[in-house]
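Here is what each chain is made of, one letter per residue.
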Amino acid sequence: MICTVVGARPNFMKMAPIVNEARRRGIAQLFVHTGQHYDQRMSDIFFEELGMPQPDLYLGVGSGTHAEQTARVMLLFEQVLLQQRPQLVVVAGDVNSTLACALTASKLSIPVAHVEAGLRSFDRSMPEEINRVLTDHISDLLFTTEPSGRLNLLKEGIADSAIYFVGNTMIDTLCQHLEAAKKREPWRTFGLQPREFGLVTLHRPSNVDNKATSRQIASALQQIGQELPLIFPIHPRTLKNGEGLWEAIPGLKIVEPMGYLDFLGLMSQAAVVITDSGGIQEETTALQVPCVTVRPNTERPITITEGTNQLVPPITDQIVSAVKNRSVKIGNRPKLWDGKAAQRIIDVIQSYLDTKH
Ligand code: UD1
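Residues numbered from 1 in each chain as written. Predicted model: local features only at pLDDT ≥ 70, side-chain atom pairs only at ≥ 80, totals over all residues. Heavy atoms only, no water.

Enquirer: What exactly am I supposed to notice about the layout of surface pockets here?
Expert: Gaps left between atoms show up when a probe the size of a water molecule is rolled over them. Empty space within the second largest pocket amounts to approximately 190 Å³. Considering the residues around the second largest pocket, the lining is formed by 15 residues, among which Asp123, Ser125, Met126, Arg204 and Ser206 are closest to the centre. At the level of secondary structure, the elements contributing two or more residues to the lining of the second largest pocket comprise helix H5 (127-137) and helix H8 (205-208). Counting residues per element, the lining of the second largest pocket draws most heavily on H8, at three residues. Tallied by class, the residues present in the lining of the second largest pocket amount to six nonpolar, five polar and four charged. Residue assignment places the lining of the second largest pocket across two domains, with domain 1 (2-168 + 337-356) and domain 2 (176-328) each supplying three or more. (1 Å grid on protein atoms, 1.4 Å probe; cavity = no way out; pocket = protein on both sides within 12 Å on 5 of 7 lines; lining within 4 Å. Points joined across faces, edges and corners; volume = space filled by probe spheres on them. Helix = DSSP H or I, 4+ residues; strand = E, 2+ residues; numbered from the N terminus. Nonpolar A, V, L, I, M, F, W, Y, C, P; charged D, E, K, R; others polar. Domains from an automatic or database assignment.)

Structural data, given as structure tokens:
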């Protein structure tokens, strides 16, 4: 039996195709949700829309400091592993639940597979970077999405034989749902036409927890919003920490976090996406939509070298000019971002389990 784990919003689209492919092939599976994200709009809606089964176990860890959240996942997940003894634990991405579950499994000598291994921003002030590095170093199977992943892992001394370049399961999910997402025409709810709006997401602590930085970004959005209507599905932490900052901007349509299909539909027809997310840099590259990423670095360099992404620091004038002069480069869809990554991952997992027994 394998144990697949999700915890927070970006995990759902990365894990759904793996959970479904394992089911399709009849592999025994225990599907666990840690409950790091728990709101209907941050979690439940994705299960409905992505056609994922309900989790077999829901740990309900909720929010807290990093230590509290990580520790709670570990305490509860250890009990699950002791009772169920899976042959392999599969984690994805870089959220606190990813590291907590990988660490718990490795201490019980249960092998770990990491989906989206090897990405590096080289910025250890990001909690996600710590989660990535540590998870990779205790994983037995490392599934990479782009060539930089293997290079980073080799430099850190990880064995080449543990690394598998399989492509991007988040793009599997995108390929599967894109047509249905467009058919919903979610822009109509806002009275807008395709390509006549921008889409904004911001939630990184470095951007939204600091008043001076969030004011720089808000003032850029205010200027851009005078010419291009902007839709901003707002993350709960951004809303809370903004204390009214974002709602005061005319031209910025603030809405609750969206489901996958409406968000994908909007993203596919946006004139530009302004974000600090990791995954959205990849999705816009696959969709060939210009993306302005408000961050000093990215762990996903292929979105810049081959895709439609560009980085910009959180400084008003620089954000405004990056959006005005955005690249019209169409970009290439990176190698193996073809909708079949989960099949490759399950192929590797199946032969790994076969050789172990
Ligand atoms: C987490 C991930 C981040 C990912 C992001 C996507 C870590 C370290 N960070 O950040 O990499 O990009 O998810 O959303 O794991 N909250 C709610 N409802 C929810 C979940 C959270 O209201 O369902 C609020 C709570 O006030 C909570 C805050 O959001 O304290 C932050 O949630 P948390 O899970 O700690 O981190 P994210 O910022 O969501």
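Enquirer: Just to check I follow, could you spell out the sheet that holds strand S7 (residues 163-165) for this structure?
Expert: Within a sheet, adjacent strands bond to each other through the backbone by hydrogen bonds, running parallel or antiparallel. Read from one edge to the other, the open sheet built from seven strands follows the order S3-S2-S1-S4-S5-S6-S7, with strand pairing classed as parallel. Of all the strands in the sheet, the pair left with one neighbour each is strand S3 (57-58) and S7. Helix H1 (residues 9-24) contacts strand S1 (2-6), strand S2 (29-33), strand S4 (88-92) and strand S5 (112-115) of the sheet and is inclined by roughly 155° relative to S1. On the sheet, helix H3 (residues 66-84) packs against S1, S2, S3 and S4 and is oriented at approximately 170° with respect to S2. (Pairing = 2+ DSSP bridges. Contact = heavy atoms within 4.5 Å. Axes fitted to C-alpha atoms, helices over the stretch in contact; angles between N-to-C directions.)

Enquirer: Teacher, can you tell me more about the site of the ligand here?
Expert: In the vicinity of the ligand there are 19 residues, among which His37, Asn96, Glu128, His203 and His235 approach most closely. One of the side-chain nitrogen or oxygen atoms of His37 is found 2.7 Å away from an oxygen atom of the ligand. Between Arg237 and the ligand, the recorded distance is 2.9 Å, taken from a side-chain N or O atom to an oxygen atom. Protein chains bury 88% of the 750 Å² of accessible surface belonging to the ligand in isolation. Elements with a contribution of two residues or more to the shell around the ligand: H1, H3 and helix H10 (236-242). When residues in the shell around the ligand are grouped by element, the largest group, three residues, is from H10. Looking at which domains feed residues into the shell around the ligand, each of domain 1 (2-168 + 337-356) and domain 2 (176-328) gives three or more. (Near = heavy atom within 4 Å. Polar contact = N/O pair within 3.5 Å; in protein donor to acceptor, adjacent residues only side chain to side chain. Areas by Shrake-Rupley, 256 points an atom, 1.4 Å probe, with all protein chains shown as cover.)

Enquirer: What is the right way to look at the packing of helix H11 (residues 260-268) against helix H12 (residues 279-287) in this model?
Expert: Each packed pair of helices is defined by two parameters, the angle between the axes and the distance between the axes. Look at H11 against H12: their axes get within 10 Å of each other, and the N-to-C directions meet at 55°. By the angle between their axes, H11 is oblique relative to H12. For the element pair H11 and H12, the recorded crossing hand is right-handed. Residues Tyr260, Phe263, Leu264, Met267 and Ser268 of H11 pack against Ile280, Glu283, Thr284 and Leu287 of H12. Taken together, the residues that form the contact of H11 with H12 break down as six nonpolar, two polar and one charged. (Parallel < 35°, antiparallel > 145°, perpendicular 65-115°, else oblique. Left-handed = near helix turned anticlockwise from the far one by under 90°.)

Enquirer: Explain the side chain of Glu299 here, please?
Expert: Within the secondary structure, Glu299 is located in the loop between strand S12 (291-294) and helix H13 (302-305). Taking the relative accessible area as the measure of exposure, Glu299 reaches 1% and is therefore buried. Within the structure, the side chain of Glu299 is placed 3.5 Å from the side chain of Arg132, a separation counted as a polar contact. In terms of polar contacts, Glu299 uses its side chain to reach the side chain of Arg295, at 2.6 Å. Apart from residues no more than four positions distant in its own chain, Glu299 is found in contact with Leu119, Arg120, Ser121, Met126, Arg132, Glu146, Gly278 and Gln281. (Buried < 20%, exposed > 50% of the residue type's maximum accessible area, 1.4 Å probe, protein only.)

Enquirer: Looking at this model, I keep getting lost on the environment of Pro257. Mind explaining?
Expert: With respect to the helices and strands, Pro257 occurs in the loop between strand S10 (252-255) and H11. In this structure the C-alpha to C-alpha distance between Pro257 and Phe232, which are 25 residues apart in sequence, comes to 8.6 Å.

Enquirer: Any chance you could explain the pattern of salt bridges here in plain terms?
Expert: Think of it this way: side chains of opposite charge can pair up when their charged atoms draw near. This structure, assessed with the given rule, holds 23 salt bridges. A salt bridge links Asp209 to Arg237, with the nearest nitrogen and oxygen atoms 2.9 Å apart. In this pair, Asp209 is assigned in the loop between H8 and helix H9 (211-225) and Arg237 in helix H10, connecting sequence segments 28 residues apart. Members of the salt-bridge network, linked through shared partners, are Lys14, Asp94, Glu116, Glu129, Arg132, Glu282, Arg295, Glu299 and Arg300. (Salt bridge = Lys/Arg side-chain N within 4 Å of Asp/Glu carboxyl O.)

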